[in-house]
Amino acid sequence: MASLVYACRFDITAQDGITSFIPTYRDWIVGHYQGQRELPEFNFDPEVAGAHEGLPTGHSLVFSLTDLQILRAK
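Keep in mind that what you see is a predicted model, and the values were worked out from it rather than measured.

A. Region of interest: the packing of aromatic side chains. Using the criterion set out here, one finds one aromatic pair in the structure. With a centroid separation of 4.8 Å and 35° between ring planes, the pair formed by Tyr-33 and Phe-42 is classed as tilted. For Phe-42, a relative accessible area of 4% translates into the label buried.

B. Representation of the environment of Ile-29 in the model. You can see Ile-29 is positioned in helix α1 (residues 17-36). Judged by its relative accessible area of 4%, Ile-29 is buried. Sequence separation between Ile-29 and Asn-43 is 14 residues, and the spatial gap between their C-alpha atoms is 8.7 Å. Every residue in contact with Ile-29, bar those within four places of it in the chain, is listed here: Phe-42, Phe-44 and Leu-61.

C. Representation of the pattern of salt bridges in the model. Summed over the entire model, instances satisfying the criterion amount to one salt bridge. A salt bridge links Asp-27 to Arg-26; its shortest N-O distance comes to 2.9 Å. Among the residues examined, Asp-27 registers a relative accessible area of 47% and is labelled partly exposed.

Definitions and limits used
- Residues numbered from 1 in each chain as written.
- Predicted model: local features only at pLDDT ≥ 70, side-chain atom pairs only at ≥ 80, totals over all residues.
- Heavy atoms only, no water.
- Phe/Tyr/Trp six-rings, centres within 6.5 Å; stacked < 30°, edge-to-face > 60°.
- Buried < 20%, exposed > 50% of the residue type's maximum accessible area, 1.4 Å probe, protein only.
- Helix = DSSP H or I, 4+ residues; strand = E, 2+ residues; numbered from the N terminus.
- Contact = heavy atoms within 4.5 Å.
- Salt bridge = Lys/Arg side-chain N within 4 Å of Asp/Glu carboxyl O.

This is how it looks when you write it as structure tokens:
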């Protein structure tokens, strides 16, 4: 059985860039599930770890934040 996977990677160099970007990314995800998937009550908080309720069957949603500077230093 095939699976469709969406992944996004954003390289943000400005110190405050990530804090200003996360709300925009969150709004895009919420808009997708509310509009395209017709789930008007869907909400997503990237600050909350674990499974998100209200996803369609077979869907999972994971948000992680990685500092590549730390990874490159190792």
